[in-house]
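So you can see what is in the structure, the chains are spelled out below.
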Amino acid sequence: MAQIVDARGLSCPQPVLMTMAEIKKTGKGQIEVLVDTDTSKENVSRAASSQGWQVQNVSEEGGGYRIVIKKDA
Amino acid sequence: MAQMRNIFAARWGIIAVGAFIGVFAALLQKMGNPGNMGICVACFDRDIAGALGLHRADVVQYMRPEIIGFVLGSLIAAYLFKEFRPRAGSAPIVRFVLGAFAMIGALVFLGCPWRALLRLAGGDGNAILGIAGLIGGIWIGTLFLKGGYNLGRSEKAYASVGWMLPLIMIFFLVLRFIYPPLADKPQSGVLFYSLKGPGSMYAPLAVSLLIGLAVGFLAQRSRFCTMGAFRDLILFRQAHLFLGLLGLLVFAFLTNLVVGQFSPGFAKQPIAHTMSVWNFGGMVLAGLAFALAGGCPGRQLFLAGEGDGDAAIFVMGMIVGAGFAHNFGTASSAAGVGPNGIAAVIIGLFVCLFIGFTMRRKIA
């Protein structure tokens, strides 16, 4: 069961802060991040990569994006 | 389009955009803009406030086409790449107040972060104090961010909400066309013009507008932000935006060297004063206000261009703040800080601290 971070409607740097907090909390596994701007999409993906997480999938959803990030072990 | 990789958001993309801004800001100076002020979002918003008569400091009145270009260039990029997303409702009045005090702080130092870099690139040592203050203010902002500070969520809005600031800018441009500057006349129709001082120094309209549009377009694509540059470095140890800032600084410096605009020193720098404590203090206030509002003045213009109605409110706050700054004598001049500048910085810091401490709702 993936954790969901809903960062829609929040401005910089909230989506990244929330994603980083969730990454710290879960350590590994799968997290889904919801954002509503392209800037947030890029920032969250970049932050996840910098933490050694893989961006598995980015899909458009409700005028925004659902970003799935993952880390094994 | 959405699947297409955004090259400007990659590392070399943002460096290139910073370099572009640096080169063309220096060239704008060469073509008529004021010293070390090829582009200054705070100063130019202030000049627009003067052109509209919101303050009557007669040396800083000009309808700056660069600002208009920034918003419209960003709007064009946002539409082309399907990123125009009208949204609003994230504590607008707070953003207005932050915009006003950001301007008041910036006008104590005499420049936004872009101009701080351009001043440094032109050899103005006072800019070091300003940049140090900026970093200090942003650092305080990151402490609030770590403590849960946020302005709440925005909501999707009608397209017209996103169009408001672009439409205002188009209106300003129309005014500039209908009422062009007249030789030796301080007024043309409803617009005020400066006969001396920085407001009387400007590059040709078409040049300013075209460079403004290009910068707006590129900055929207790259998310260039000078506040975010320091914030992300402090908060996440991430240098992405900072590389863009370095690009601006280095290329403005090189361009200044080439065209003979580099003149190192502290005294007698163009549109600058040497009161170090207040060069620092003014930018602490500005940096904190930018950090709390989530973007430097330039970034707020680009966000407004892609439909962010809250960023538009910040911009209006800056323009109105400029009116207060000159009407209340809080803006500095080459002679030093204004009679009420120090009081304004202190009040502004208290207001920002109040906002930072009281808006800490945890996001569920």
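What counts and what doesn't
Residues numbered from 1 in each chain as written. Chains lettered and ligands numbered in written order. Predicted model: local features only at pLDDT ≥ 70, side-chain atom pairs only at ≥ 80, totals over all residues. Pairing = 2+ DSSP bridges. Helix = DSSP H or I, 4+ residues; strand = E, 2+ residues; numbered from the N terminus. Axes fitted to C-alpha atoms, helices over the stretch in contact; angles between N-to-C directions. Contact = placed C-beta atoms within 7 Å. Buried ≥ 20, exposed ≤ 12 C-beta atoms within 10 Å, placed from the backbone. Core = buried A, V, L, I, M, F, W, Y, C linked by C-beta atoms within 7 Å. Parallel < 35°, antiparallel > 145°, perpendicular 65-115°, else oblique. Left-handed = near helix turned anticlockwise from the far one by under 90°. Nonpolar A, V, L, I, M, F, W, Y, C, P; charged D, E, K, R; others polar. Right-handed = clockwise from strand over helix to strand, strands pointing away.

1. Re the sheet that holds strand β2 (residues 29-35) of chain A
Residue and element names in this part refer to chain A.
Right, on to step 1. The mixed open sheet is built from 4 strands, whose spatial order is β1-β2-β4-β3. In the strand order of this sheet, the two ends are held by β1 (3-6) and β3 (54-61), each with one partner. For this sheet, the mean inter-axis angle between neighbouring strands, taken without regard to orientation, is 20°.
Right, on to step 2. Relative to β2, helix α1 (residues 14-26) is tilted by about 165°, and along the sheet it contacts β1 and β2.
Right, on to step 3. Across the face of the sheet, helix α2 (residues 38-50) comes into contact with β2, β3 and β4 (64-71) while running at roughly 5° to β4.

2. Details of unusual backbone geometry
Right, on to step 1. Cis rather than trans, the peptide bond between C12 of chain A and P13 of chain A has omega equal to -5°.
Right, on to step 2. The phi angle at N36 of chain B is positive, at roughly 50°, despite the residue not being glycine.
Right, on to step 3. Locating N36 of chain B in the fold gives a position in the loop between α1 (11-30) and α2 (41-51).
Right, on to step 4. Residue classification places N36 of chain B among the buried residues on the basis of 30 C-beta atoms within 10 Å.
Right, on to step 5. In this model, K82 of chain B sits at a positive phi of 55°, which is unusual for a non-glycine residue.
Right, on to step 6. Locating K82 of chain B in the fold gives a position in the loop between α3 (65-80) and β1 (87-88).

3. Some thoughts on the nonpolar core
Right, on to step 1. V71, M103, L107, A252 and A289 of chain B are the most contacted members of the largest nonpolar core, which totals 143 residues.
Right, on to step 2. Apart from the residues lying within four places of it in its own chain, the contact partners of L107 of chain B are A42, R46, A322, A325, A331 and S332 of chain B.

4. Some points on the packing of helix α4 (residues 92-109) of chain B against helix α13 (residues 309-327) of chain B
Residues and elements named next belong to chain B.
Right, on to step 1. At their nearest, the axes of α4 and α13 sit 6 Å apart, and the two run at 45° to each other. Looking at the two axes, α4 sits oblique to α13. For the pair α4 and α13, the crossing hand works out as right-handed. Contact residues: α4 offers P92, R95, F96, V97, L98, G99, A100, F101, A102, M103, I104 and L107, while α13 offers D310, I313, F314, V315, M316, G317, M318, V320, G321, A322, F324 and A325.
Right, on to step 2. For the contact of α4 with α13, the per-class residue count stands at 19 nonpolar, 3 polar and 2 charged.

5. Remarks on the pairing of β2 of chain A
Consecutive side chains along a regular strand alternate between the two faces of the sheet.
Residue and element names in this part refer to chain A.
Right, on to step 1. As judged from the 4 bridges shared by β1 and β2, these two strands associate in the parallel manner. Among the inter-strand pairings, Q3 is bridged to a residue of β2, identified as I31.
Right, on to step 2. Read as a crossover between parallel neighbours, the route from β1 over α1 to β2 is right-handed.
Right, on to step 3. With 7 bridges connecting them, β2 and β4 associate as antiparallel partners. Pairing of V33 across the sheet is with I67, part of β4.

6. A look at the interface of chain A and chain B
Right, on to step 1. Contacts between the two partners involve 20 residues from chain A, matched on the other side by 24 residues from chain B.
Right, on to step 2. At the level of elements, α1 and α2 of chain A are the ones that each hand at least two residues to the side of chain A that touches chain B.
Right, on to step 3. Counting residues per element, the side of chain A that touches chain B draws most heavily on α2 of chain A, at 6 residues.
Right, on to step 4. Tallied by class, residues from the side of chain A that touches chain B come to 7 nonpolar, 7 polar and 6 charged.

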